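Understanding the architecture of this molecule
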Amino acid sequence: SSGINAEYGVDGPFGEAHQDYSNYEVVILIGGGIGVTPFASIVKDLVHRRNTHQSSLAKVKKVYFFWASRSQKQFEWLLDILGKCEREDTKGILDNHIFITRFYDKSDLRTTILYICERQFQGVSNRSMFTGLKAITHFGRPNFDKIFEDLQQTHEDVRKFGVFVCGPPAMSDSVKESCSKITGKQTFVAYAENF
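These remarks concern the structure in this document. (Residues numbered from 1 in each chain as written. Predicted model: local features only at pLDDT ≥ 70, side-chain atom pairs only at ≥ 80, totals over all residues. Heavy atoms only, no water.)

Here helix α5 (residues 169-181) is 13 residues long and its end C-alpha atoms lie 18 Å apart, about the 18 Å a rise of 1.5 Å per residue gives. Regarding α5, the residues found buried are M171, S172, V175, S178 and C179. Take α5 and look down its axis: the buried residues cluster within an arc of 130°, on one side only. When the buried face of α5 is taken as reference, the exposed residues oriented beyond 90 degrees from it are A170 and S180. (Helix = DSSP H or I, 4+ residues; strand = E, 2+ residues; numbered from the N terminus. Expected span 1.5 Å × (residues − 1). Buried < 20%, exposed > 50% of the residue type's maximum accessible area, 1.4 Å probe, protein only. Arc of directions from axis to C-beta.)

Below you can see the structure in the form of structure tokens.
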């Protein structure tokens, strides 16, 4: 032994605006491609802390998680995590939506058949045919204007929504633009991180 007495400590995490999610009643997490990575931990943390009645999340009532990616294969690594979160979400805090953006034209017969089959399967089994999750699988790019309008109507009593996006710059810009269009008594506060 050298006789040196050293003390070590770890502090953090620091940085990312995503850390502010617990300040909102309604949290909207939007990941594009690999931009979903920071949200995997946040979703797990939110479900766990909400189920264990941790007071630091007393304000959070609902979490909407939107993930857009080019193909179904890109979703596979996160399916286990989302599946576990869905099973453990005894408080019904989490609402997942998956967008597969690289499909043929919407008028293409293959895309139409896949869409019809997916909707039918979800209606019967309450699960996605593609992912096995309760999460709704959508085809095409998310329409954030429409999504935010629907959330305004669903949560008429909420004045401020926290919108956290991580993805390509074009997606972040689209989300921020949609947030800025919101008028009236409600506001959508956007936090963006690009890769």
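Ordered in space as β4-β3-β2-β1-β5-β6, the 6 strands form an open sheet in which the pairing is parallel. A single partner strand is all that each edge strand has here, and the edge strands are β4 (136-139) and β6 (187-194). Averaged over all neighbouring strand pairs, the angle between strand axes comes to 15°, with direction disregarded. The pairing of strand β1 (residues 26-32) with strand β2 (residues 62-69) spans 7 bridges and is parallel. Bridging from a neighbouring strand, V26 pairs with K62 of β2. Its contacts with the sheet put helix α4 (residues 144-154) on β1, β2, β3 (94-100), β5 (160-167) and β6, and the angle it makes with β1 is roughly 165°. (Pairing = 2+ DSSP bridges. Axes fitted to C-alpha atoms, helices over the stretch in contact; angles between N-to-C directions. Contact = heavy atoms within 4.5 Å.)

Successive side chains on a regular strand alternate, one facing one side of the sheet and the next facing the other. Counting buried residues in β2 gives 8 out of 8 residues, a clear majority hidden from the surface. Relative to β3, β2 is paired through 7 bridges, and the arrangement is parallel. By the bridge assignment for β3, V63 is matched with L94.

Core analysis: the biggest nonpolar cluster contains 27 residues, and V27, L29, V63, F65, L94 and F164 have the highest contact counts within it. When residues of this core are traced back to their parent elements, those giving at least two are β1, α1 (37-51), β2, α2 (76-88), β3 and β5. Top contributing element to this core by residue count: α1, with 6 residues. Ranked by size, the runner-up nonpolar core spans 20 residues in total, among them F66, A68, F99 and F188. (Core = buried A, V, L, I, M, F, W, Y, C linked by side-chain atoms within 4.5 Å.)

The next point concerns the packing of aromatic side chains. Taken as a whole and judged by the stated rule, the model has 7 aromatic pairs. Relative to F164, the ring of Y24 lies with its centre 6.0 Å away and its plane at 75°, an arrangement referred to as edge-to-face. Of the two residues, Y24 is situated in the segment before β1 and F164 in strand β5; the sequence distance between them amounts to 140 residues. Both residues of the pair, Y24 and F164, count as buried. For the pair F66 and F99, a centre-to-centre distance of 6.3 Å together with 40° between the ring planes defines the contact as tilted. Remark: F99 occurs in strand β3 and F66 occurs in strand β2; sequence separation between them is 33 residues. (Phe/Tyr/Trp six-rings, centres within 6.5 Å; stacked < 30°, edge-to-face > 60°.)

Everything listed here is a matter of geometry and, on its own, says nothing about what the molecule does.
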